[in-house]
Every structure is written in structure tokens, then in C-alpha cells.
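Chain by chain, the residues:
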Amino acid sequence: MTTLADRWNIRPDHTWLRGQRPEHNVRFDEDGSIDIYGYPEAAKALTNPQIFSNDVGRLFLDEGVELDERVQEGSLLQSDPPAHGKLRKLVSRAFTPKTVADLEPRIVALTRELLDQAGSQGKLELVAALTYPLPVIVICELLGVPASDRDLFKKWVDRMAQSASALLDDEADGEDVDVAAANRYVPEMHEYLAAQVAERRRHPMDDLLTSLVQAEVDGDRLTDAQVLNFANELLVVGHATTSALLGNLVLCLDANPEAAARVRADRSLVSGAVEESLRFLSPVAAIYRATAKKFELDGHHVDADRLVRVWVGAANRDPRQFADPDTFDPARDPNPHIGFSHGIHFCLGAPLARLESTIALNMLLDRYPALSIDPAEPPTFMSLPDAIGVATLPLRTG
Ligand code: HEM
């Protein structure tokens, strides 16, 4: 049977998408780095920050990559305990389940608007029409960025994508990477966000930026730099991932017509389909860690400062954890996938990603009698090795 990955020519190195388990659950590479593919091994690494640190950037310091400390400040993703816990508590005060739930009517309206604009000629390129614009507009709404400035954010998100692919192209060519040139949009975005943060201090509003500015735990507050870096981080981690989830979800349903028919007939399965898509085609295919000290793993002696790649996509298909791992089953229950990570860095935006994708899929099913890929116009995929997601997804909708 041809797998979805073979049919659409998804990166060949993601062997697990083709039903082939990596040879080992943990692989020790010659360069000292470690690849983790097994589910229990991945879960263990992700829940042990004393050994598996999120401060991965420091591994690249001696390769000439300069880390801007002002940008690091406020980054949840790159911090370890105890700083991480303190920061996460403060940010969680502002970014609450209620903040996300309150966005629901806006997300419904925005999704409708975007699909209306896409027209109804029996065809739809889902990424351009919906999955690319929706997450960035939602993050703007969440932060409280004026609608008139949304285009600025779209421009920055485009630049982020361009800079990621410029880095990849350079690496492929074996040339030096001009990180500074690729990231020229960053100061402009920071300046804009800094002005927004200052404005919220003067004139509080009913939005996330204001809540972040006002959040307080045990007398501690976030600094301006922390607020703006966190806002920036939301764009970096919340855009491409959500876009990939929405596209992958539709791709999974196209490849599994029986499952798609069940979901269409019984909408209580929509949220199960979202979870199963996160397991089956995990948008974040790999999470990185740096070893913080010497330790023993699987009988191997591991030094400090080694790069660790936790292959979420492979762990999510480990037969020791998931029965029939290569079957897409929207009714899978329980479904303890680690698509949103696991442990203290569990994705803070998971409720938002889940809400957006549930609304989007329900609306697509309501509007279109069919959502199928025309084999003459196959989907294309993001070229990053650690991400799985469609870059374009042309669909027939009638
Ligand atoms: C962390 C995945 C959407 C905000 C993470 C991590 C993963 C992830 C794997 C943890 C990385 C690690 O352990 O080092 C995803 C996926 C998404 C998604 C697959 C969509 C399908 C979002 C959205 C937002 C968001 C929409 C917010 C707007 C965050 C934040 C963190 C995070 C702030 C850092 C949490 C921490 O380090 O404590 N996400 N994410 N994510 N995500 Fe998401």
C-alpha cells in the first residue's frame, strides 16, 4: 500500500512516515549528538530538564553565531528551571484559557471572511486562502495589534519564512550563512512591539499585551523587553506550526476517505481528527535539547553540551505506545501524542491551535461538499527537516 508520505513525496528521511521504524530508539551519532526516536525515551528526555536543557543556543556560540541577549530575555523556549517556571507563571497569568476562549467568535468571523474572499470556483489553494493568513491575524487579535497594522505582521511573518529558507539554501550550498542579512526584519519588528508595549503602560487596553504588562506573581513583573520578546516568540512558534496543522489535517482526511466520511457525518469526531493529525503528521517533527551535564544513557557515556534531537514525529508512531500507529483514526482514545511536546515546555498555545483548527475544519466541512486533492496538482511541503507541513495544498471543493 502506498503511504501518504510516498504518494506525495514527503521528505525521504522521515522514514517513520512510511511505516519504517528507525533502527534504534536512541542513536548516538559520531559527532557526539544524539537522536531520540522512541516514545518512552522521548518522554523521559522532555521531562528531565536537569539533564536535557532548552538552552540550545549556547552550543552554537563557538561556531560564530552571536546570540543577542536582549532577544533571549523573556524566551520561554530557551529557558530552564528555575527561570522558566517563574516566567511561565507570569505569562500564564495573562495568556489564560479564558483569553483563548474569548477569541472564538473572532476566529469564526475571520475564517468566514477568508473563505469568502477565496471565492467558490470549485477550487481552493488552502494555504494561501486560509492556513497561512489565519494564524497570523489571530495572533495580532490576541496581542491587540490594531487591524490597520496587520499587514506589517504579515510582512514580518513572510520574512521569517524567507529567512528560514535562505538559511537552508545556504546550508545546502555549503556557503556561509549571512544570519544578519536574513534577519534584517527583526529590529523593525522589535521597535514596533516596543512602542506598543510602552503605549499599553500609558493606556491599558483589553488585550494580551496589556495583561502581560500588568501580570504579577509574588511582586514580580515582566520587563518591557520580556513582554516584547514573548510577543515575538508567539509569532515565531505559533504561526508556521498552526498553519501546518490545518493543512496536514485536510491532507490526512484526503488520504483517508473513510475517516473523512465519519468525521463529516459526526462532528464530535472533529477534535479527535485534530489530535490524530498532530500525531500522524506532527508539524514539529523534532525538538532540540542540549545536555547540561555528563550522564549515562542506554549504557553510553554522554558528555555535557551535546545536541539532542527528540524526533516527535517518530515517537508519535512508536508501536510500544500506539496500537496500529500507521492508521489515521480520528476516534483514537486515549491519544497521548507529544505533538505539543511534554513536560514543563508543553505548548502554551495548544488551546489556541486546537480552537483554530476545530473551527476551520468545521467550516470547511460546512461549506464544501468535497475537499479532495487533484493528483494533477499535488501538494508541496516545507523543506525543513524538523517540520512536517504542506507549503501549498490545492483542493477541489465540489
Ligand atoms: C512550545 C508545538 C501552536 C505558543 C511548543 C513546543 C512545541 C509546540 C512542540 C515545545 C518545544 C519544546 O519542548 O522545546 C506547537 C504546535 C502548534 C503550536 C504543533 C500548532 C499546531 C502554538 C500557538 C502558540 C504557541 C498558536 C501561541 C500563539 C507556544 C509557546 C511555547 C510553545 C509560548 C513555549 C512554552 C514553554 O517553553 O514553556 N509549541 N505549537 N504554540 N508554544 Fe506551541
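In the annotation of an unreviewed UniProt entry, the chain is listed under the name Cytochrome P450 and assigned to Streptomyces siderophoricus.

Asks: I would appreciate a short explanation of the overall build of the chain in the present structure.
Replies: Along the backbone of the chain there are 18 helices and 14 strands. Principal axes of the C-alpha set define a box for the chain whose edges measure 60 × 55 × 45 Å. Burial status across the chain gives 50% buried among its 398 residues. A separation of at least 24 residues holds for 72% of the contacts in the chain among residues at least 6 apart in sequence. Taken as two groups, the 40 positive and 61 negative side-chain charges of the chain have centres that lie 5 Å from each other.

Asks: Is there a simple way to explain the side chain of Ser277 in this structure?
Replies: Take Ser277: it is sitting in helix α16 (residues 270-280). A distance of 3.4 Å separates a polar atom in the side chain of Ser277 from the backbone nitrogen of Leu249. Residue contacts for Ser277: discarding those within four places in its chain leaves Leu245, Asn248, Leu249, Cys252, Ser282 and Phe328.

Asks: Honestly, the pattern of salt bridges in this entry has me stumped. Any pointers?
Replies: Two side chains bearing opposite charge may form a pair once their charged atoms approach each other closely. Scanning the entire structure with this criterion turns up 30 salt bridges. Between Asp13 and Arg11 there is a salt bridge, and its shortest N-O distance comes to 3.1 Å. Residue Asp13 is classed as partly exposed on the basis of its relative accessible area of 41%. Arg202 is the salt-bridge partner of Glu199, the closest N and O atoms lying 2.9 Å from each other. Of this pair, Glu199 and Arg202 both sit in helix α11 (residues 185-202), three residues apart, roughly one helical turn. Taken together, the salt bridges that share partners define one network made up of Arg27, Asp29, Asp35 and Arg309.

Asks: Teacher, can you tell me more about the state of the cysteines here?
Replies: Here, the word disulfide means a covalent bond between the sulfur atoms of two cysteines. Per the stated rule, a full pass over the model turns up zero disulfides. Left without a disulfide partner, Cys140 is nearest to the cysteine sulfur of Cys347, which lies 18 Å away.

Asks: Could you clarify how one ought to interpret the environment of Ser92 in this entry?
Replies: The residue Ser92 is located in helix α4 (residues 83-94) in this model. Overall, the relative accessible area of 28% leaves Ser92 in the partly exposed class. Between the alpha carbons of Ser92 and Leu212 there is a distance of 8.9 Å; along the sequence they are 120 residues apart. In terms of polar contacts, Ser92 uses its side chain to reach the backbone carbonyl oxygen of Arg88, at 2.5 Å.

Asks: Is there a simple way to think about helix α13 (residues 224-238) in this case?
Replies: Given 3.6 residues per helical turn, the α-helix brings residues three or four places apart onto the same face. Here α13 spans 21 Å end to end across 15 residues, near enough to the 21 Å set by a 1.5 Å rise per residue. Within α13, eleven of the 15 residues are buried, which leaves it mostly tucked inside the rest of the structure. Along α13, the residues that are buried comprise Gln226, Val227, Leu228, Asn229, Phe230, Ala231, Asn232, Glu233, Leu234, Leu235 and Gly238.

Asks: What am I meant to see in the site of the ligand here?
Replies: By nearness alone, 25 residues border the ligand, and His84, Arg88, Ser341, His345 and Cys347 come closest of all. His84 places a polar side-chain atom, nitrogen or oxygen, 2.7 Å from an oxygen atom of the ligand. Within the side chain of Ser341, an N or O atom sits 2.8 Å from an oxygen atom of the ligand. Elements with a contribution of two residues or more to the shell around the ligand: α4, α13, α14 (240-255), β7 (286-291) and α18 (350-367). Per element, the largest residue contribution to the shell around the ligand is four residues, and it comes from α13. Partitioning the shell around the ligand into residue classes produces 14 nonpolar, nine polar and two charged.

Asks: Is there a simple way to think about the sheet that holds strand β4 (residues 123-125) in this case?
Replies: Whenever strands of a sheet pair, they do so through backbone hydrogen bonds, lying parallel or antiparallel. One open sheet holds the three strands; their spatial order is β4-β14-β11, and the pairing between them is antiparallel. Only two strands of the sheet have a single partner each, and these edge strands are β4 and β11 (372-373). One ladder, built from two bridges, connects β11 with strand β14 (residues 394-396); its direction is antiparallel. Residue pairing in the sheet places Ser372 in a bridge with Arg396 of β14.

Asks: What should I look at first to understand the coordination of the iron atom of the ligand in this one?
Replies: Six octahedral donors around a metal ideally sit at 90 or 180 degrees from one another, while four tetrahedral donors ideally sit at 109.5 degrees. The protein gives the iron atom of the ligand a lone donor atom, Cys347 (SG), placed 2.3 Å from the metal. Relative to the helices and strands, Cys347 is located in the loop between α17 (312-315) and α18.

Asks: I would appreciate a short explanation of the sheet that holds strand β2 (residues 34-36) in the present structure.
Replies: If you trace the five strands from one edge of the open sheet to the other, you get β1-β2-β10-β7-β3, paired in mixed fashion. Pairing within the sheet leaves two strands with one partner each, and these edge strands are β1 (26-28) and β3 (52-53). Sheet analysis places β3 next to β7, joined by two bridges and oriented antiparallel. Looking at the pairing, Ser53 lines up with Ala290 of β7.

Asks: Help me out: how do you make sense of the packing of α14 against α16 in this one?
Replies: Axis angle and axis distance: for two packed helices, these are the angle between their axes and the distance between the axes, and together they describe the pair. Running from N to C, α14 and α16 cross one another at 100 degrees; their axes reach a closest spacing of 9 Å. With respect to each other, α14 and α16 are oriented roughly perpendicular. Contact residues: Leu245, Asn248, Leu249 and Cys252 in α14; Ala273, Val274, Ser277, Leu278 and Phe280 in α16.

What counts, and where the lines are drawn
- Residues numbered from 1 in each chain as written.
- Predicted model: local features only at pLDDT ≥ 70, side-chain atom pairs only at ≥ 80, totals over all residues.
- Heavy atoms only, no water.
- Helix = DSSP H or I, 4+ residues; strand = E, 2+ residues; numbered from the N terminus.
- Buried < 20%, exposed > 50% of the residue type's maximum accessible area, 1.4 Å probe, protein only.
- Contact = heavy atoms within 4.5 Å.
- Lys, Arg positive; Asp, Glu negative; His and termini not counted.
- Charge placed at Lys NZ, Arg CZ, Asp CG, Glu CD.
- Polar contact = N/O pair within 3.5 Å; in protein donor to acceptor, adjacent residues only side chain to side chain.
- Salt bridge = Lys/Arg side-chain N within 4 Å of Asp/Glu carboxyl O.
- Disulfide = S-S within 2.5 Å.
- Expected span 1.5 Å × (residues − 1).
- Near = heavy atom within 4 Å.
- Nonpolar A, V, L, I, M, F, W, Y, C, P; charged D, E, K, R; others polar.
- Pairing = 2+ DSSP bridges.
- Donors = N, O, S within 2.8 Å, 3.2 Å for Na, K, Ca; no water.
- Axes fitted to C-alpha atoms, helices over the stretch in contact; angles between N-to-C directions.
- Parallel < 35°, antiparallel > 145°, perpendicular 65-115°, else oblique.

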